[in-house]
Amino acid sequence: MNFSLKGRTYVVMGVANKRSIAWGIARSLHAAGARLIFTYANDRFSQQVKDLVSTLEGQDALFYECDVTDDEAVATTFEQIKQDVGTIHGLAHCIAFANREDLQGEFVDTSRDGYLLAHNISAYSLVAVSRACAPLMTEGGGIVTLTYLGGERVVKNYNVMGVAKASLDATMKYLANDLGKNGVRVNAISAGPIRTLSAKGIGDFNSVTKKIEEEAPLRRTVTQEEVGDTAYYLLSDLSRGVTGEIIHVDAGYNILG
Ligand code: NDP
Ligand code: N5H
């Protein structure tokens, strides 16, 4: 079996800068020979994304603006992708958001608006995006999303995002069940803490990583590249029998009691 991604096209959603997990995924897919399509929320980071992608040798990438809270934008983006490339073979959903004030203090204080916003962007978006992209996967395909241990257990400061990730995990499984009959697999990667723009200035990130360096089986944190290579596995035929699964790429931290 050939696990090259040459001749295949993947959509990567959620590159903000070179530290983004989505960027680690893009590099792994690129290294395997894939053609890439990037979407970004708004123009704020679009030039940065284009500059980054220009460093990928021989990559003839396409770019689309897509705010996942906007149903029309999601529909239009995938209609446009269909017109421009026809078939796609996979998608990486690397998108989450919660208000800063909801990522500190007590979860019990979460407002209705803050709860709905976090779930809208971080969990429902996977439903909207999967519904729009699955019809383009005419040769079968893979969808991968990014989750975190805070959706399985209570992690200090993760708060509403933990509840949204629990919803995302279940969403991933229900989508895997629906889309499997069309040859579309849906999986999640539960990444250990990585210093990205999202993680910046929130909670006590340093104390979380210190604990991981001291206690995780591998005694270190993980990198965007390691998450990227697992996404490559999940988006290639290497994982053809795997769907509805959560793979922890966290140096083994989740096995600790
Ligand atoms: P980044 O800040 O690099 O990426 C977050 C992305 O979310 C940004 O590109 C942002 O787009 C996008 N986004 C936010 N709102 C919207 C929206 N309405 N529509 C479209 N895109 C939106 O952080 P990460 O790489 O850390 O995050 C990627 C995923 O990984 C998230 O799901 C996160 O929860 C998850 N994760 C991260 C971990 C970590 O330690 N960093 C650990 C485990 C999981 P834009 O830049 O255009 O605003
Ligand atoms: C226990 C922790 C540390 C505390 C919680 C962090 C949660 C982070 C997730 C969300 C996505 C962060 C977020 O929404 C930040 C925004 O309020 C402000 N930032 C932005 O608007 C920037 C500019 C844009 C690019 O960010 C987004 N998201 O659009 C968890 C950590 C140990 C692990 C971690 C960091 C997990 C995770 O899910 O990201």
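Structure shown above.
The rules behind the values
- Residues numbered from 1 in each chain as written.
- Chains lettered and ligands numbered in written order.
- Predicted model: local features only at pLDDT ≥ 70, side-chain atom pairs only at ≥ 80, totals over all residues.
- Heavy atoms only, no water.
- Near = heavy atom within 4 Å.
- Polar contact = N/O pair within 3.5 Å; in protein donor to acceptor, adjacent residues only side chain to side chain.
- Nonpolar A, V, L, I, M, F, W, Y, C, P; charged D, E, K, R; others polar.
- 1 Å grid on protein atoms, 1.4 Å probe; cavity = no way out; pocket = protein on both sides within 12 Å on 5 of 7 lines; lining within 4 Å.
- Points joined across faces, edges and corners; volume = space filled by probe spheres on them.
- Helix = DSSP H or I, 4+ residues; strand = E, 2+ residues; numbered from the N terminus.
- Patch = residues over 30% accessible without salt bridge, like charges linked within 9 Å, V, L, I, M, F, W, Y side chains within 5 Å.
- Areas by Shrake-Rupley, 256 points an atom, 1.4 Å probe, with all protein chains shown as cover.
- Salt bridge = Lys/Arg side-chain N within 4 Å of Asp/Glu carboxyl O.
- Lys, Arg positive; Asp, Glu negative; His and termini not counted.
- Charge placed at Lys NZ, Arg CZ, Asp CG, Glu CD.
- Buried < 20%, exposed > 50% of the residue type's maximum accessible area, 1.4 Å probe, protein only.
- Expected span 1.5 Å × (residues − 1).
- Contact = heavy atoms within 4.5 Å.
- Disulfide = S-S within 2.5 Å.

Focus on the site of ligand 2
Stage number 1. Taken together, 19 residues are adjacent to ligand 2, and A96, F97, A98, Y158 and S198 come closest.
Stage number 2. In this structure, an oxygen atom belonging to ligand 2 sits 2.6 Å away from a main-chain N or O atom of A98.
Stage number 3. Separating a nitrogen atom of ligand 2 from a side-chain N or O atom of S198 is a distance of 2.8 Å.
Stage number 4. The residue inventory of the shell around ligand 2, partitioned by class, reads 13 nonpolar, two polar and four charged.

Quick word on the layout of surface pockets
Stage number 1. Of the volumes computed, that of the second largest pocket is approximately 150 Å³.
Stage number 2. Along the walls of the second largest pocket sit D71, V74, A75, F78, E79, K82, A128, R131, A132 and L136, which together make up its complete lining.
Stage number 3. Secondary structure elements with two or more residues in the lining of the second largest pocket: α3 (71-85) and α4 (112-133).
Stage number 4. Here the lining of the second largest pocket takes six residues from α3, the largest share from any one element.
Stage number 5. When its residues are assigned to classes, the lining of the second largest pocket shows six nonpolar, no polar and four charged.

Quick look at a negative patch on the surface
Stage number 1. A cluster of like negative charges, contributed by D43, E65, D67, D70, D71 and E72, occupies part of the molecular surface.
Stage number 2. Relative to the elements of secondary structure, D67 occurs in the loop between β3 (62-65) and α3.

Some points on the pattern of salt bridges
Stage number 1. A complete count under the given rule lists six salt bridges for this structure.
Stage number 2. Two residues, R27 and E225, come together in a salt bridge whose shortest N-O distance is 2.8 Å. Here the residue R27 occupies a position in helix α1 (residues 21-31), and E225 occupies one in helix α7 (residues 224-235), the gap between them amounting to 198 residues.
Stage number 3. Overall, the relative accessible area of 30% leaves R27 in the partly exposed class.
Stage number 4. A salt bridge links E226 to R220; its shortest N-O distance comes to 2.8 Å.
Stage number 5. For E226, a relative accessible area of 27% puts it in the partly exposed group.
Stage number 6. With relative accessibility at 33%, the residue R220 sits in the partly exposed group.

Description of a nonpolar patch on the surface
Stage number 1. Residues F107, Y115 and L116 make up a contiguous nonpolar surface patch of roughly 270 Å² in combined accessible area.
Stage number 2. The residue L116 is located in helix α4 in this model.

Describing the site of ligand 1
Stage number 1. Looking at ligand 1, there are 28 residues lining it, with S20, R44, I194, T196 and S198 nearest.
Stage number 2. The side chain of K165 places a nitrogen or oxygen atom 2.9 Å from an oxygen atom of ligand 1.
Stage number 3. For ligand 1, the accessible surface in isolation is 890 Å², of which the surrounding protein chains cover 92%.
Stage number 4. Residue composition of the shell around ligand 1, by class: 17 nonpolar, eight polar and three charged.

Regarding α7
Stage number 1. In this model α7 runs 16 Å from its N-terminal to its C-terminal C-alpha over 12 residues, within 8% of the 16 Å that 1.5 Å per residue would give.
Stage number 2. Listed as buried for α7 are Q224, V227, G228, T230, A231, Y232, L234 and L235.
Stage number 3. Buried residues belonging to α7 abut β1 (9-13), α1, β4 (90-93), β5 (141-147), β6 (184-191) and β7 (246-249).

Here we look at the state of the cysteines
Stage number 1. Summed over the entire model, instances satisfying the criterion amount to zero disulfides.
Stage number 2. Lacking any disulfide linkage, C66 is separated from the closest cysteine sulfur, that of C133, by 11 Å.

What about empty space enclosed by the protein?
Stage number 1. In this structure the tally under the stated criterion is one cavity of 30 Å³ or more.
Stage number 2. Computed from the structure, the largest cavity encloses a volume of approximately 40 Å³.
Stage number 3. Forming the boundary of the largest cavity are Y148, L149, S190, A191, G192, P193, I212, H248, D250 and Y253.
Stage number 4. Across the lining of the largest cavity, the residue classes break down as six nonpolar, three polar and one charged.

Comments concerning a positive patch on the surface
Stage number 1. Taken together, the side chains of K18, R19, R195 and K200 define a basic patch exposed on the protein surface.
Stage number 2. One can find K200 in the loop between β6 and α6 (205-215).
Stage number 3. When its relative accessible area of 57% is taken as the criterion, K200 is described as exposed.

It is worth stressing that arrangement in space is one thing and function is another; only the former is reported here.
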